[in-house]
Amino acid sequence: MSNITLGQYYKQKSFLHDLDPRTKLFSTFIFFVMVFLCDNVYKYLAAALFTGLVIYLSKIPLKHIFRGLKPVLYILVITAFFNMFFTRGVKLFSFKIFRYEVIISKEGLYFAFTMTARIILVVLFSSLLTYTTTPKKIVDGMEKSFGFLKKIKIPVGEIAMIMLIAMRFIPVMSNEARKIMDAQRIRGMVFEDGNFLERGKKYISIVIPLFVATIKKGDLLATAMECRCYNPDSKRGKLYPLKYAKKDMIVYFIMIILLLVMIFIWR
Amino acid sequence: MDIEVKNLKKKFDKDIFNDINFKIKSGEFVGIVGKNGSGKTTLVKHLNGLLKADEGIIYIGKNEVNNENIEEIRKNISFVFQNPDDQIIGTTVEEDVAFGPENLDFSTEVIREKVDYSLEKVGMSDKKNSLLENLSGGEKQRVAISSAIAMNPKICIFDEVMSMLDFKNKKKIMDIIMDLNKNLSVTIICITHKLEELINADKILLLEDGKIKEFNDVNIFFRDEELLKRNGLEKPFLLDDIKYVDAENIDVTNVDNCLISLKNVYFKYDKEDILKDISLDIHENETIGIMGMSGCGKSTLSMVMSGLYKNTKGKLIYGDELLKNTGLVFQNPENAFFEETVYDEVAFGAKNLNLDNIDKRVSNALKLMGFNENIFDKSPYKLSGGEKRRVAIASILSMDTKVIIFDEPFAMLDAFGKKYLLDCISMLKKKGKTIIIISHDLKEVLKNCTRFLYMENGCIIKDTLEKQNFLGFMKEKYE
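About the cut-offs
- Residues numbered from 1 in each chain as written.
- Chains lettered and ligands numbered in written order.
- Predicted model: local features only at pLDDT ≥ 70, side-chain atom pairs only at ≥ 80, totals over all residues.
- Heavy atoms only, no water.
- Pairing = 2+ DSSP bridges.
- Helix = DSSP H or I, 4+ residues; strand = E, 2+ residues; numbered from the N terminus.
- Axes fitted to C-alpha atoms, helices over the stretch in contact; angles between N-to-C directions.
- Contact = heavy atoms within 4.5 Å.
- Phe/Tyr/Trp six-rings, centres within 6.5 Å; stacked < 30°, edge-to-face > 60°.
- Buried < 20%, exposed > 50% of the residue type's maximum accessible area, 1.4 Å probe, protein only.
- Lys NZ or Arg CZ within 6 Å of the ring centre and 35° of its normal.
- Buried area = accessible area lost by both parts, 1.4 Å probe.
- Salt bridge = Lys/Arg side-chain N within 4 Å of Asp/Glu carboxyl O.
- Polar contact = N/O pair within 3.5 Å; in protein donor to acceptor, adjacent residues only side chain to side chain.
- Nonpolar A, V, L, I, M, F, W, Y, C, P; charged D, E, K, R; others polar.
- pLDDT = per-residue confidence, 0-100.
- Expected span 1.5 Å × (residues − 1).
- Arc of directions from axis to C-beta.
- Disulfide = S-S within 2.5 Å.

Undergrad: Tell me about the sheet that holds strand β16 (residues 403–407) of chain B, and please be specific about residues and values.
TA: All names here are of chain B. With respect to topology, 6 strands assemble into an open sheet ordered β15-β16-β17-β13-β18-β19, the strand pairing being mixed. Each of the sheet's edge strands pairs with one partner strand only, and the pair in question is β15 (327–329) and β19 (459–464). Pairwise comparison of adjacent strand axes, ignoring direction, gives a mean angle of 20° for this sheet. Strand direction decides the pairing type here: β16 and strand β17 (residues 434–438), joined by 5 bridges, are parallel. Bridged to V403 within β17 is T434. Along the sheet, helix α12 (residues 385–397) contacts β15 and β16; its crossing angle with β15, the most-contacted strand, is approximately 170°. Lying over the sheet, helix α15 (residues 467–478) contacts β13 (287–292), β18 (451–456) and β19, oriented at roughly 25° with respect to β18.

Structure follows, in structure tokens:
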């Protein structure tokens, strides 16, 4: 019973699920680069269409995907708002609130659109990564890709494990938060009432126990891992060793071609 | 692989190990018992090097436990903890079970073999690709045990692994442990305070006052009432023993006075109905016991009754507006602590409801739980586990609600803890409160309740005022 679907693995049989995690990591990175290279509406549209195609390939229900966007909605609205109203430029519309003239400029509108589009695309695409790849697989992929950094003493293994546990803990902590909220509600706490400041103060009654719970659980999990002989520095076997298949090569090829097209051909 | 502990001494907060000596032979099934806070888990953590003693030596097989060979030692000792959520690494079942063997750098084929084998041993082979978050508590615990077995340990330590489970799942796990012990010759160390889990044990180690006493005949141990009582233990609970149930005559007056009424109530959180067609009247002065397998909807029912969750269908009628403030003591209520002093924590609920006489409410509630004013200024975080639990209950009692629901209040309490709780419930009954107890503990439910409910798959399938009737019903369920 978890409300947070962001970052949660969704079991399914699909083209995307079958890909090697390294392929998906690479593709996500390339996609981010391409999104930030977009400089006109048509490019954003193309990126959106591409994302749509990838969603289709993942066979994950649309409802689930958009539920993952909900937490980001607030950021989207705030970003759009600030960009729209507070960017100087060529005046498009304006209206008066009391004695103050509020201006919406062409640039403002464009920036609002750009920022919103980027955030949506980036969140959608990266959530596809986590929906189709278990945290352990992502981490195994990162460890293999960046393993060479171990030679220059970068603790790749530890960093990878930290990320695994962080992702693994998202549903655990959201569950815990829900339980704590229920416990405070039964003691008469109404979180929804009050102005912004009052509500903020109320959340202390969730944040503190959640913090304590996180530390306790982290400690217990670390102990359990030690008991199972976890050692980030030593070599570890794999139940499903990472091996590239033909479909991975195809995807690599497509992503590189798309990036090159974006940089050199489509101006 | 024998275990030998010699002259172990350790000082550590309140725990003191004076001079611990014991031996466990290879292949033995040993129970470690003692009252809450006696240090059972702390002691056992020394065996695989999680903790280091101040003095003394521990031998696992021929090896002395020290910093150099800890990794080797841990290959031979597996540890399973109480809460599966705190041990699980993977997302799918086989991902988690493979974690241990992967750490030991076996080849893929060997890892596959070990995973399949250990899943079969716990009866979870058909769920190897299932997502762990979709499993029940009992299934998750079996996966945790499977993860331990996958490392082919010679010694397996189980720390209160059955305390959160219903009797069906308990039986499954006891069978798995027996199989490990009898068929695979794994040495078993089982920490618990439920002696029925140790009826097949070869010997019992009692941790009392920082020392270990060995009992090689478990039956003699179980019959020593004075010894058990002193250490917060109760005789093993065997169903056949309850032939005569004390019929405490509680005067159920005001039976017509219906406080909360549920009519054809349904509740669903996501897609499936968790509560189905529940019709239930709760009367003043009743003490209702609700039992059922994990996942049957008992906790959800309590949350709908208390107004925390809104029912999706059907009617919920309160005899009095104030009843919307039903007291509900969750499992592990001490997890919701956040205030700086015990006083503030206990006053929190009463303050939120704008009740009067906060001072009086707080001191009455704390008195009911066995405390005096000295506790007011202490930090809730610095109390012992048992004290935390009592303060958490007091924080619900200060709201002085007419109905109080307890969700699994006996879990993880030893006999001393239970006594505090039962005394409190007794007092509440005398004050005319209506009590609802959700529990897996049949003995306590029979002893303390006047009305008995059993839930299955979201429905109430038994609702009776007669103890013998309910006992007979439960005996059939246990089979």
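Picking up where we left off.
Undergrad: So, the packing of aromatic side chains: which residues are in play, and what are the values?
TA: Applying the stated rule across the entire model yields 19 aromatic pairs over all chains. Here the aromatic rings of F50 of chain A and F125 of chain A are separated by 6.2 Å at their centres, their planes lie at 15°, and the arrangement is stacked. With F50 of chain A in helix α3 (residues 41–58) and F125 of chain A in helix α5 (residues 106–132), this residue pair connects regions lying 75 residues apart in the sequence. For F125 of chain A, a relative accessible area of 6% puts it in the buried group. Seen in terms of ring centroids, F221 of chain B and F222 of chain B are 6.3 Å apart; in terms of plane orientation they differ by 65°. Their pairing is edge-to-face. Each of the two residues, F221 of chain B as well as F222 of chain B, counts as buried. Taken together, the aromatic side chains of F452, Y454, F470 and F473 of chain B make up a single cluster linked through ring pairs. A cation over a ring is seen here: K313 of chain B above Y266 of chain B, with NZ or CZ 4.5 Å from the ring centre. The ring of F371 of chain B has R390 of chain B sitting right over it, with the charged end atom 4.4 Å from the ring centre.

Undergrad: Can you tell me about the interface of chain B and chain A, naming the residues and giving the values?
TA: On the chain A side, the residues contacting the 58 residues of chain B number 49 residues. Taken over both partners, the interface formed by chain B and chain A buries close to 4800 Å², and the fraction arising from carbon and sulfur atoms is 57%. Looking only at chain B, the three residues that lose the most surface to chain A are D86, I89 and E102 of chain B, adding up to 13% of its buried area. Residue E102 of chain B pairs with K136 of chain A through a salt bridge whose shortest N-O separation is 2.6 Å. Remark: the boundary between chain B and chain A carries 24 residue pairs in polar contact (both at pLDDT 80 or more). Listed by contribution, the elements that provide at least two residues to the side of chain B that touches chain A are α2 (70–76), β6 (77–80), α3 (93–103), α4 (108–121), α10 (342–352) and α12 of chain B. Top element by residues in the side of chain B that touches chain A is α3 of chain B. It accounts for 8 residues. Of the residues that constitute the side of chain B that touches chain A, the class distribution is 28 nonpolar, 17 polar and 13 charged.

Undergrad: Talk me through the sheet that holds strand β11 (residues 258–268) of chain B; I want residue IDs and the actual numbers.
TA: Residues and elements named next belong to chain B. Pairing is antiparallel in the open sheet, where 3 strands are placed in the order β12-β11-β14. Two strands lie at the open edges of the sheet, namely β12 (273–283) and β14 (313–318), each paired on one side alone. Neighbouring strand axes in the sheet, compared pairwise and without regard to direction, differ in orientation by 15° on average. Inspection of the sheet shows β11 paired to β12 by 7 bridges, in the antiparallel sense. Bridging across to β12, I260 finds its partner in I282. Seen against the sheet, helix α9 (residues 298–305) touches β11, β12 and β14 and runs at an angle of roughly 60° to β12.

Undergrad: Explain the pattern of salt bridges to me, using residue names and the numbers behind them.
TA: Scanning the entire structure with this criterion turns up 42 salt bridges over all chains. One salt bridge connects D356 of chain B with R361 of chain B, and the closest N-O pair in it is separated by 3.3 Å. We classify R361 of chain B as buried; its relative accessible area is 18%. Beyond isolated ion pairs, a larger network of salt bridges with shared partners links K136, D140, E143, R236 and K238 of chain A together with E102 of chain B.

Undergrad: Outline the confidence of the model for chain A, supporting the account with residue identities and numerical values.
TA: Summing up the model confidence of chain A, the mean pLDDT is 85 and the portion of residues at 70 or higher is 97%. Averaged pLDDT values over the elements of chain A bottom out at 73 in strand β1 (residues 91–97) of chain A and peak at 92 in helix α2 (residues 21–37) of chain A.

Undergrad: Mind laying out α9 of chain B, listing which residues take part and the relevant values?
TA: Because each turn of an α-helix spans 3.6 residues, side chains separated by three or four positions end up pointing in the same direction. Within α9 of chain B, 7 of the 8 residues are buried, which leaves the element mostly enclosed by the surrounding structure. Of all the residues in α9 of chain B, the buried ones are K298, T300, L301, S302, M303, V304 and M305 of chain B.

Undergrad: Mind laying out α4 of chain B, listing which residues take part and the relevant values?
TA: Residues and elements named next belong to chain B. With 14 residues, α4 extends 20 Å from end C-alpha to end C-alpha; this agrees with the ideal 20 Å at 1.5 Å per step. Considered for burial, the residues of α4 that qualify are I111, K114, V115, S118 and L119. An end-on view of α4 places all buried positions within 125° of arc, on one side of the element. Pointing more than 90 degrees away from the buried face of α4 are the exposed residues E109, E113 and E120. If you follow the buried residues of α4, they end up packed against α3 and α5 (137–149). G123, located one to two residues past α4, shows a positive phi value of around 75°.

Undergrad: Lay out the state of the cysteines with the relevant residues and their values.
TA: Working definition of a disulfide: a covalent bond connecting the sulfur atoms of two cysteines. One pass over the full model with this rule turns up 0 disulfides over all chains. With no disulfide of its own, C229 of chain A has C227 of chain A as its nearest cysteine by sulfur position, at a separation of 8.5 Å. Considering cysteine sulfurs only, C296 of chain B is the nearest to C459 of chain B, which forms no disulfide, with 10 Å between them.

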